There are 2 protein chains.
Amino acid sequence: MYTIGQISKLFHLPTSTLRYYDKEGLFPNIERSSGIRRFGEKEMEALRVIECLKKSGLEIKDIKQFMEWCAQGSSTYPQRREFFLRQKEVVEGEIRKMEKVLDMIRFKCWYYEQAIQDGNEDRLHEMLPDHLPKEIQLLYDHAHED
Amino acid sequence: MYTIGQISKLFHLPTSTLRYYDKEGLFPNIERSSGIRRFGEKEMEALRVIECLKKSGLEIKDIKQFMEWCAQGSSTYPQRREFFLRQKEVVEGEIRKMEKVLDMIRFKCWYYEQAIQDGNEDRLHEMLPDHLPKEIQLLYDHAHED
DNA sequence: TCTTGACCTAAAGTTAAGTTTAAGTATTAT
DNA sequence: ATAATACTTAAACTTAACTTTAGGTCAAGA
């Protein structure tokens, strides 16, 4: 069992954030000894899940819902499964978007390399939007589609 | 040339957001005819870049800096190239993090499927942290590393 | 003519996720 | 015993990125 200060160091989170999470209900039924929070394995796994769900774009209140399901026991396994299945879709979508963002950035890296070599953007403007070198055209099209 | 309302529809952004971006300096030297903003190809490409850079985690003030370099002409090609090279690193890192998040979620999907089948988490608790089925262990380890 | 709709500005309001402050209690080290 | 540390709370503050509000201009259609 750990105190809030130890957990703060282990997870690189300020104690104020941990208290805020607790206040928001992210550690339902956390143990206390004479007022002081005791973080156990359950709370540590909760924190790992919190980090993960935050990265996946969820708000604190949605994460709280999940933690409440956990506290309710085996009757909520189906909700918890549905919750992660849904979040899987969300994150897969996010990653696809980020790949598009990355291709836009790769294109811009190439673009400015050419601009530096040429000293201007004249040749580049002539190539746009569909007379770019093959590899670059793929990046450009992916980044600009939809 | 388009009005703010047309651009709002084309980019699915409220006009209030477009005006906010303008106020924050994201369209330096945007044309106006009797007070009304005229969005041209330059502003449309700016908007595509804004969407992209926002997704990559940048704040409006950093994006403004880039737009100012663009307005300054060819002397800032090197800064702009460095800017995108840096952002490429950032986004590649983001994607790696999201792949980790995804593996945690995949693990949890499997976990709750097992829990539903078993009716409890006893067998799962016995398998943790390193006696999971091969494929699942890979997900778990990737998600929990560091 | 008048009213509808699209544009404009400045300023105030909103929201989420913390962070900071102020005041107090408890544990640990010397 | 006492001083320094680590814990506690409630409430106010912060920040970014919008959004809303209130008031105004201007052009086109009934």
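Summarised in this report is the structure supplied together with it. (Residues numbered from 1 in each chain as written. Chains lettered and ligands numbered in written order. Predicted model: local features only at pLDDT ≥ 70, side-chain atom pairs only at ≥ 80, totals over all residues. Heavy atoms only, no water.)

**Details of the relation of the copies chain A and chain B**
Relating one copy of the chain to the other requires a rotation about an axis plus a shift along that axis. Structural alignment of chain A on chain B gives an RMSD of 0.0 Å, achieved by rotating through 180 degrees and translating 0.0 Å along the axis. Such a turn and shift between the copies fits a two-fold axis. Among all C-alpha atoms of chain A, that of Ile95 of chain A lies closest to the rotation axis, at 3.2 Å. Here 100% of the interface residues in chain A have copies in chain B that are interface residues too; the copies meet face to matching face. (Least-squares fit on C-alpha atoms with pLDDT ≥ 70 in both. Contact = heavy atoms within 4.5 Å.)

**Topic: the interface of chain A and chain B**
Residue-level contacts link 39 residues of chain A with 39 residues of chain B. For the interface between chain A and chain B, the tally reads 6 salt bridges. Residues Lys108 of chain A and Glu45 of chain B are paired through a salt bridge, measuring 3.1 Å at the closest nitrogen-oxygen approach. Summed over the shared surface of chain A and chain B, the number is 12 residue pairs in polar contact (both at pLDDT 80 or more). The set of elements that each furnish at least two residues to the side of chain A that touches chain B consists of helix 3 (41–55), helix 4 (60–72) and helix 5 (77–118) of chain A. Classifying every residue of the side of chain A that touches chain B gives 19 nonpolar, 6 polar and 14 charged. (Salt bridge = Lys/Arg side-chain N within 4 Å of Asp/Glu carboxyl O. Polar contact = N/O pair within 3.5 Å; in protein donor to acceptor, adjacent residues only side chain to side chain. Helix = DSSP H or I, 4+ residues; strand = E, 2+ residues; numbered from the N terminus. Nonpolar A, V, L, I, M, F, W, Y, C, P; charged D, E, K, R; others polar.)

**Some thoughts on the protein's contact with DNA strand C**
Near DNA strand C lie 17 residues; those nearest to it are Thr17 of chain A together with Thr3, Gly5, Arg19 and Arg37 of chain B. The sugar-phosphate backbone supplies 84% of the atoms of DNA strand C found within 4 Å of the protein. In the model, a phosphate oxygen of DNA strand C is placed 2.8 Å from a nitrogen or oxygen of the Arg19 of chain B side chain. Every element with two or more residues in the surface near DNA strand C is listed here: helix 2 (15–23) of chain A together with helix 1 (4–11) and strand 2 (36–38) of chain B. (Near = heavy atom within 4 Å.)

**Regarding the packing of aromatic side chains**
Residue and element names in this part refer to chain A. This model, assessed by the stated rule, comprises 26 aromatic pairs over all chains. Seen from their ring centres, Phe107 and Tyr140 are 5.0 Å apart, and the 65 degrees between their planes marks the pair as edge-to-face. Pair noted here: Phe107 is in helix 5 and Tyr140 is in helix 7 (residues 134–144), with a separation of 33 residues, a long-range link. Taken individually, Phe107 and Tyr140 each receive the classification buried, so the pair is uniform in this respect. (Phe/Tyr/Trp six-rings, centres within 6.5 Å; stacked < 30°, edge-to-face > 60°. Buried < 20%, exposed > 50% of the residue type's maximum accessible area, 1.4 Å probe, protein only.)

Honestly, it's all geometry; don't read function into it.
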